Amino acid sequence: MLTRVTPMREPTFLILTALAAGPRHGYGLIQEVAALSEQRVTLLPGTLYAALDRLSAQGLVAPDREETVDGRLRRYYRLTPDGVSALDAETARLRQLTTAAEARLRPLRARTA
Amino acid sequence: MPPTGDPLARRYRRLLWCHPRAYRRARGEEMVGVLLDGAPPGRTRPTLREAVDLLRHGLRCRLGRPASRTVGVWATLAAVICGLFTGAAATRVAWETSRPQPDRAEAAALFADVFPGHRLGDVEPATALFTFYSQPLRLRNLDQVLLGDGGEYQQGETLLSAAGAPPTPAGRMLTDTERRLREAGWQVYEPMVSGDSGCTDKWCASIVRFTETTILARRGDTALRVTITSPPQGVSSYLLVSVNRTAPPAVLPAGLLGGLLGAGLGWLAFGWASRRTDAGHPAGGVVTALFGVSMLLWWSPALLTVPHLLGHHLDEPHPSWHPLWEWLGQPALALFFVGGALCALLGLALAALPRHAADPLPTAAAG
């Protein structure tokens, strides 16, 4: 099932990107998203789990495994094949936009240089 | 992870009570773990931002259907209309804290104070705080209320009229009345003047133009409406007075509390039915259709009435606002309300039917 919403919101894109490196637990996802966005996007747990619920329902992520560390339950999530396709499509869309913007900016930069 | 004595963990767990029970079972400890992992050492209380975030997620989570972008809008529509109806019901209950409508003695004393020199004619005391065709509402009137006459359920009023011929010209009567009312501590509103054609005697031998001047005033919990007709029409009195009570102070807080309670219950009921019928429910489609019909039947009277009543409020001064239920088109369109309530109840009953299969997502909110 692939019911990706286009365009993807930035936190969703960052969560999928974080999971592209491998399964991660909730707190790991928050840290990875902050690192990917250079601390611009700081997910709160409620927001993170709302996104995970939505992405799970859309079939883009799935629970991977569980472990308990220092008495705290950690559930890992992974990208599904549909999630990989959705991230791939969104990356292509953003790349196309970036390329178009770059092409128009280049002459402007040259003129103002 | 079993509950620990950590006060921060306990407080985070308490905040998760906004989430449905099944979700708390599936995800609660995992979320508490993430919250504790992110908390700096020494923190003993959740931050306001965390609390708001968890509350928002919990309320959204109660609606189920995590991939839906419109479920929040439907839930808001349901919660707001439920809140308005329960708020209206609460204000009606709060109206019972009002003093009884002015009786014959109080109204006659008021007439003597404001209209010295005028002879008091008929006095019709109010029969109840709210009346149906000027009589207390009885159970046997229910069919009339439901079948089109609901608009006759209005605040009761004690009516008085002057007898005989006017002792002074209408213009003088108007200025004297306004002056006396102000001297007696009444807040007097701008007079409203309207004109029409009518008969001068009961045989209607000749048609003349007449002017009706209405003065509205308020003092404490009593509102007064004075109508001076010049020249007097047929057998009608040249001076009509009606007195009734304004909304008691308890109405506003009761409406707000009742509204919040109703909105909360509406959100919970919608969320419960939404989660129950998310997937694999035998009556999911019927429940959705019944919900749509109930929203249409509940919202349409309010949406039709509000512009009309707002225009009316802006057109003339009001010592007291119309009761909340009138803004919702009730009980004038009570049949719509009853129809919507039956659809909603049937929808909830059908949502309670057992589902075909368990929710395939181990972490989805269900139940």
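Residues numbered from 1 in each chain as written. Chains lettered and ligands numbered in written order. Predicted model: local features only at pLDDT ≥ 70, side-chain atom pairs only at ≥ 80, totals over all residues. Heavy atoms only, no water.

Student: How would you explain the overall build of chain B if you had to name every residue and give the values?
Tutor: A tally of helices and strands in chain B yields eleven helices and ten strands. A compact globule built from 367 residues would reach a C-alpha radius of gyration of about 21 Å, whereas chain B, at 29 Å, exceeds it by more than 25%. Projected onto its principal axes, the C-alpha coordinates of chain B cover approximately 90 × 50 × 30 Å. Within chain B, the proportion of its 367 residues that are buried is 42%. Considering only contacts within chain B whose residues lie at least 6 apart along the sequence, 70% involve residues at least 24 apart. Looking at chain B as shown, the accessible area adds up to about 18900 Å², and 64% of this sits on carbon and sulfur atoms. In chain B, which carries 35 positive and 29 negative side-chain charges, the distance between the mean positions of the two groups comes to 12 Å. (Helix = DSSP H or I, 4+ residues; strand = E, 2+ residues; numbered from the N terminus. Rg over C-alpha atoms; globule rule 2.2 N^0.38 Å. Buried < 20%, exposed > 50% of the residue type's maximum accessible area, 1.4 Å probe, protein only. Contact = heavy atoms within 4.5 Å. Areas by Shrake-Rupley, 256 points an atom, 1.4 Å probe, with all protein chains shown as cover. Lys, Arg positive; Asp, Glu negative; His and termini not counted. Charge placed at Lys NZ, Arg CZ, Asp CG, Glu CD.)

Student: Describe in detail the sheet that holds strand β1 (residues 24-25) of chain A, supporting the description with residues and values.
Tutor: An order of β1-β3-β2 (chain A) is seen for the three strands of this open sheet, with the pairing classed as antiparallel. Here the strands that pair on one side only, and so sit at the sheet edges, are β1 and β2 (61-69) of chain A. (Pairing = 2+ DSSP bridges.)

Student: Give a description of the packing of helix α4 (residues 71-94) of chain B against helix α8 (residues 251-276) of chain B that names residues and reports values.
Tutor: Residues and elements named next belong to chain B. Where α4 meets α8, the closest approach of the two axes is 6 Å, and the angle between their N-to-C directions is 145°. Note that α4 runs across α8; the crossing there is right-handed. When grouped by side-chain class, the residues that make up the contact of α4 with α8 number 13 nonpolar, twelve polar and no charged. (Axes fitted to C-alpha atoms, helices over the stretch in contact; angles between N-to-C directions. Left-handed = near helix turned anticlockwise from the far one by under 90°. Nonpolar A, V, L, I, M, F, W, Y, C, P; charged D, E, K, R; others polar.)

Student: So what's going on with empty space enclosed by the protein? Which residues, and what values?
Tutor: Within this structure, the stated rule accounts for two cavities of 30 Å³ or more. A volume near 40 Å³ is recorded for the second largest cavity. Lining the second largest cavity, in full, are A:H25, A:G26, A:Y27, A:L73, A:R74, A:R75, B:E30, B:G33, B:V34 and B:D37. Secondary-structure elements contributing two or more residues to the lining of the second largest cavity are α2 (26-36) and β3 (72-79) of chain A together with α2 (21-38) of chain B. The dominant element in the lining of the second largest cavity, judged by the number of residues it contributes, is α2(B), at four residues. Partitioned by chemical class, the residues of the lining of the second largest cavity number three nonpolar, three polar and four charged. (1 Å grid on protein atoms, 1.4 Å probe; cavity = no way out; pocket = protein on both sides within 12 Å on 5 of 7 lines; lining within 4 Å. Points joined across faces, edges and corners; volume = space filled by probe spheres on them.)

Student: Explain the nonpolar core residue by residue, including any values.
Tutor: Formed by 37 residues in total, the largest nonpolar core has its most connected members in A:I15, A:L16, A:L48, A:Y49, A:L52 and B:Y12. Where this core is concerned, the elements lending two or more residues are α1 (10-20), α2, α3 (45-57), β3 and α4 (81-112) of chain A together with α1 (7-15), α2 and α3 (48-61) of chain B. Residues within four places of A:Y49 in sequence aside, it is in contact with A:G26, A:Y77, B:Y23, B:R27, B:E30, B:M31, B:V34 and B:H57. In terms of nonpolar packing, the next biggest core, distinct from the first, is built from 27 residues, B:F85, B:Y153, B:F291 and B:W299 among them. (Core = buried A, V, L, I, M, F, W, Y, C linked by side-chain atoms within 4.5 Å.)

Student: Outline the sheet that holds strand β3 (residues 135-136) of chain B, supporting the account with residue identities and numerical values.
Tutor: Pairing within the open sheet is antiparallel, and its three strands lie in the order β3-β2-β4 (chain B). Whereas interior strands pair on both sides, the edge strands pair on one side only; in this sheet they are β3 and β4 (153-155) of chain B.

Student: Residue-level account of the environment of B:L159, with values.
Tutor: All names here are of chain B. Looking at the element boundaries, L159 is found in strand β5 (residues 158-163). On the basis of relative accessible area, L159 is assigned to the partly exposed category, the value being 32%. For the pair L159 and S237, spaced 78 residues apart in the sequence, the C-alpha separation amounts to 12 Å. With residues up to four places along the chain from it excluded, the contact list for L159 reads D122, V123, E124, V241 and S242.

Student: Run through the pairing of β2(A), naming residues and quoting values.
Tutor: Residues and elements named next belong to chain A. When β2 meets β3, the two strands line up antiparallel, connected through seven bridges. Note that in β3 the partner of T68 across the bridge is L73. Connecting β2 to the next strand, β3, in antiparallel fashion are two residues, including D70 with a positive phi near 55°.

Student: Tell me about the layout of surface pockets, residues and numbers included.
Tutor: All names here are of chain B. The calculated volume of the largest pocket comes to roughly 1000 Å³. Lining the largest pocket are 46 residues, and of these Q154, Q155, E157, N244 and H322 lie nearest its centre. Among the elements of the structure, β2 (130-132), β4, β9 (222-230), β10 (239-245) and α9 (284-315) are those that each provide at least two residues to the lining of the largest pocket. The biggest single contributor to the lining of the largest pocket is β10, with four residues. Its residues assigned to classes, the lining of the largest pocket shows 20 nonpolar, 19 polar and seven charged.

Student: Explain the pattern of salt bridges to me, and be specific about the residues and the numbers.
Tutor: If you walk through the whole model with that rule in mind, you get 23 salt bridges over all chains. The salt bridge partner of B:R56 is B:D53, with a shortest N-O separation of 4.0 Å. Placement of the pair is B:R56 and B:D53 together in helix α3, with a separation of three residues, close to one helical turn. Given the relative accessible area of 5%, B:D53 is considered buried. In this structure, B:E106 and B:R245 form a salt bridge, with 2.8 Å as the shortest nitrogen-oxygen distance. Linking B:E106 in helix α5 (residues 104-114) with B:R245 in strand β10, this pair joins segments that are 139 residues apart in sequence. Of the residues examined, B:E106 reaches a relative accessible area of 27% and is grouped as partly exposed. Connected via shared salt-bridge partners are A:D53, A:E66, A:R75, B:R27 and B:E30. (Salt bridge = Lys/Arg side-chain N within 4 Å of Asp/Glu carboxyl O.)

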